[in-house]
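Remarks on the overall topology
Listed below are the residues making up each chain.
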Amino acid sequence: MSIQEYQQQFIKQAIASEALCFGEYTLKSGRVSPYFFNAGRFYSGVALAALGRCYADAIVASGVQFDVLFGPAYKGISLAAVTACALADHHQRDVPYAYNRKEKKDHGEGGSLVGAPLQGKVLIIDDVITAGTAIREAIAMIELAGANVAGVAIGLDRQERGQGERSAIQELEQDASLAVISIVGLNDIVDYLSTAASDQALVARINAYRDRYGVEV
């Protein structure tokens, strides 16, 4: 399947914003990766607007049905906000969003949840899923509020094994029966670089890493 226009735009903006970097990066797992992704580097107006459009396009393309967007603190907060704006501006969908605080407030409106009430089907928005811990915490919050989880939308799927043979995303999809939407996966990055990059040595390094740690998709 060919890479979609919004996927190309995501990779281009990620590289331009240095959210997607290439080199040698030691991950928490101890693996030395030839690339690194940090959505926190989408910090300009142009970059955030582009990011929101990419999330919105991926969500609409997936066909998932939902009533509310939920952004887990901290990175998920801005992601949910810009995605809500992009859905309204480019897909004529006015969807409310909510997010959580890391610590509960005992004054003002109080509580740990901010924004729209969590009701109906809730779509979680985040940057990546590494171990899946933060997403499972978000699922618990949503279910505690009496709502249902429609799925999870993320920027990048590393398509990489965890401690076992499956990735954290595959574990969520299979064990929790959740749909996980990703704007791009590692395979898409490789396809993009193979045609757009002159550095074939980089492509070879990423392919070697994928061969060693990748999962079947």
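Residues numbered from 1 in each chain as written. Predicted model: local features only at pLDDT ≥ 70, side-chain atom pairs only at ≥ 80, totals over all residues. Heavy atoms only, no water.

**Quick notes on the layout of surface pockets**
- Considered as a void within the structure, the largest pocket measures approximately 1,100 Å³ in volume.
- Taken together, 40 residues form the lining of the largest pocket, with K28, V128, I129, T130 and A131 sitting closest to its centre.
- Considering each element in turn, the lining of the largest pocket owes the most residues, six residues, to helix 4 (residues 133–144).
- In terms of residue class, the lining of the largest pocket is made up of 17 nonpolar, 12 polar and 11 charged.
- Of the pockets and cavities examined, the second largest pocket occupies roughly 350 Å³.
- Contributing to the lining of the second largest pocket are 21 residues, with D157, Q159, S182, G185 and D188 lying nearest its centre.
- Contributing elements (two or more residues each) for the lining of the second largest pocket: helix 1 (5–16), helix 5 (168–175), strand 8 (180–185) and helix 6 (186–196).
- Considering every element that reaches the lining of the second largest pocket, the biggest residue donor is strand 8, with five residues.
- Considered class by class, the residues forming the lining of the second largest pocket number eight nonpolar, nine polar and four charged. (1 Å grid on protein atoms, 1.4 Å probe; cavity = no way out; pocket = protein on both sides within 12 Å on 5 of 7 lines; lining within 4 Å. Points joined across faces, edges and corners; volume = space filled by probe spheres on them. Helix = DSSP H or I, 4+ residues; strand = E, 2+ residues; numbered from the N terminus. Nonpolar A, V, L, I, M, F, W, Y, C, P; charged D, E, K, R; others polar.)

**Digging into the UniProt feature "binding site: orotate" (unreviewed entry) in the protein chain**
- Per the UniProt record, the feature "binding site: orotate" (unreviewed entry) sits at F36, F37, T130 and R158. Judged by maximum C-alpha separation, these annotated positions cover 123 residues in sequence but sit close together in space, the widest gap being only 12.4 Å. From this annotated list, the subset lining the largest pocket comprises F36, F37, T130 and R158.
- Judged by relative accessible area, which is 11%, F37 ranks as buried.
- Other than its neighbours up to four places away in sequence, F37 contacts F10, A14, A19, L20, F42, D127, V128 and L156.
- Along the chain, T130 turns up in the loop between strand 6 (121–125) and helix 4. (UniProt positions renumbered as here; feature names shortened; annotations may be inferred. Buried < 20%, exposed > 50% of the residue type's maximum accessible area, 1.4 Å probe, protein only. Contact = heavy atoms within 4.5 Å.)

**A word on the pattern of salt bridges**
- A full pass over the atoms with the stated rule returns four salt bridges.
- Two residues, E160 and R31, come together in a salt bridge whose shortest N-O distance is 2.8 Å. Here the residue E160 occupies a position in the loop between strand 7 (148–157) and helix 5, and R31 occupies one in the loop between strand 1 (20–26) and strand 2 (32–37), the gap between them amounting to 129 residues. Of the two residues examined, E160 and R31, each falls in the buried class.
- Close ionic contact of D175 with R166 constitutes a salt bridge, the shortest N to O distance being 3.1 Å.
- Taking the relative accessible area as the measure of exposure, D175 reaches 52% and is therefore exposed.
- Where salt bridges share partners, they join R31, R158 and E160 into one cluster. (Salt bridge = Lys/Arg side-chain N within 4 Å of Asp/Glu carboxyl O.)

**Things to note about the nonpolar core**
- In terms of nonpolar packing, the biggest core is built from 41 residues, with F10, F37, F42 and F66 touching the most fellow members.
- If one sorts the elements of this core by residue count, helix 2 (residues 45–62) sits on top with seven residues.
- A98, I129, A147 and L178 belong to the second largest nonpolar core, which has 21 residues in total. (Core = buried A, V, L, I, M, F, W, Y, C linked by side-chain atoms within 4.5 Å.)

**Comments concerning the pairing of strand 3 (residues 68–71)**
- Side chains V68 and F70 project from strand 3 onto one buried face, and the interleaved L69 and G71 project onto a second face that is buried too.
- When strand 3 meets strand 6, the two strands line up parallel, connected through three bridges. In the sheet register, L69 faces strand 6, and the bridge partner there is L123. (Pairing = 2+ DSSP bridges.)

**Describing the packing of aromatic side chains**
- The tally for this structure, following the rule as stated, stands at six aromatic pairs.
- Summarising the aromatic geometry, the rings of Y97 and Y99 are spaced 6.3 Å apart at their centres and angled 25 degrees between planes, so their arrangement reads as stacked.
- A residue is classified by how much of its surface remains accessible, and Y99, at 23% relative accessible area, is partly exposed.
- Taken together, the aromatic side chains of F10, F37 and F42 make up a single cluster linked through ring pairs. (Phe/Tyr/Trp six-rings, centres within 6.5 Å; stacked < 30°, edge-to-face > 60°.)

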